Each structure stands twice: as C-alpha cells, then as structure tokens.
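Spelled out from the first residue to the last, the chains are:
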Amino acid sequence: MEGGRGQAVCGQEALDLLNCIAQSPYDQDKCLRLMTSLRECVLNKKVKKFSLADQEKKDAKPAYKKA
C-alpha cells in the first residue's frame, strides 16, 4: 500500500520504530510510544500487511520452475 507521495502507508512510523529498536542504548519508553503510533496508523489506514520492496519482487517470481 502506498500513500499519495510514493511513500508506503505508515512507512515512516514503521521505519522510526525499527530505528529506535536498533539504537544503543535502547530507549524502551520511546520505542513503546513509536509502536503505539504505528499501531494507530495501521488501524486508521486499515493496513493488513507490510512487505519489503525486495520481498514483493521475490513473491512475483517463483524460485523454481516445474518441468
């Protein structure tokens, strides 16, 4: 799902949360707030599934061919 400007729906919220988790030292309170923000976005935009751009390409092409 993409928003009006070519950015994935709730993509910024998801990226912020992932970056928070990767930071050292880990700030659990900050990450919890970001998770809540992502959850609210998902509910508001009715997102059903996230996927990575590379994953979408792999899903479109089977890894093997039947003979």
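Everything below is about the structure printed above this text.
Reading the values: rules and limits
Residues numbered from 1 in each chain as written. Predicted model: local features only at pLDDT ≥ 70, side-chain atom pairs only at ≥ 80, totals over all residues. Heavy atoms only, no water. Core = buried A, V, L, I, M, F, W, Y, C linked by side-chain atoms within 4.5 Å. Buried < 20%, exposed > 50% of the residue type's maximum accessible area, 1.4 Å probe, protein only. Helix = DSSP H or I, 4+ residues; strand = E, 2+ residues; numbered from the N terminus. Contact = heavy atoms within 4.5 Å. Disulfide = S-S within 2.5 Å. Axes fitted to C-alpha atoms, helices over the stretch in contact; angles between N-to-C directions. Parallel < 35°, antiparallel > 145°, perpendicular 65-115°, else oblique. Left-handed = near helix turned anticlockwise from the far one by under 90°. Nonpolar A, V, L, I, M, F, W, Y, C, P; charged D, E, K, R; others polar.

The next subject is the nonpolar core. Soluble globular proteins tend to pack their nonpolar side chains together in the buried interior. Within the largest apolar cluster, 11 residues are counted, these being Val9, Cys10, Ala14, Leu17, Cys20, Cys31, Leu34, Leu38, Cys41, Val42 and Val47. Those elements that provide at least two residues to this core are α1 (11-22) and α2 (28-45). When residues in this core are grouped by element, the largest group, 5 residues, is from α2. In contact with Cys20, other than residues within four places in its own chain, are Tyr26, Asp27, Lys30, Cys31 and Leu34.

Enumeration over the complete set of coordinates arrives at 2 disulfides. The disulfide that involves Cys10 links it to Cys41, with 2.0 Å between the sulfurs. On the sign convention where negative means left-handed, the S-S torsion of about -95° between Cys10 and Cys41 marks this disulfide as left-handed. Taken together, the residues span a long stretch of sequence, with Cys10 in the segment before α1 and Cys41 in helix α2 at a distance of 31 residues. On the basis of relative accessible area, Cys10 is assigned to the buried category, the value being 4%. Disulfide partner of Cys20: Cys31, at an S-S distance of 2.0 Å. The sign of the -100° torsion about the S-S bond sets the Cys20-Cys31 disulfide as left-handed. In this pair, Cys20 sits in helix α1 while Cys31 sits in helix α2, placing the two residues 11 residues apart along the sequence. Counting only the cysteines that take part in disulfides, in the order they occur along the protein, gives the pairing 1-4, 2-3.

Orientation of α1 relative to α2, taken along the N-to-C sense of each, is 160°, at an axis distance of 9 Å. Regarding the angle of α1 to α2, the classification is roughly antiparallel. The interaxial crossing formed by α1 with α2 has left-handed handedness. On α2, the residues that touch Glu13, Ala14, Asp16, Leu17, Cys20 and Ile21 of α1 are Lys30, Cys31, Leu34, Met35, Ser37, Leu38 and Cys41. Grouping the constituent residues of the contact of α1 with α2 by class yields 9 nonpolar, 1 polar and 3 charged.

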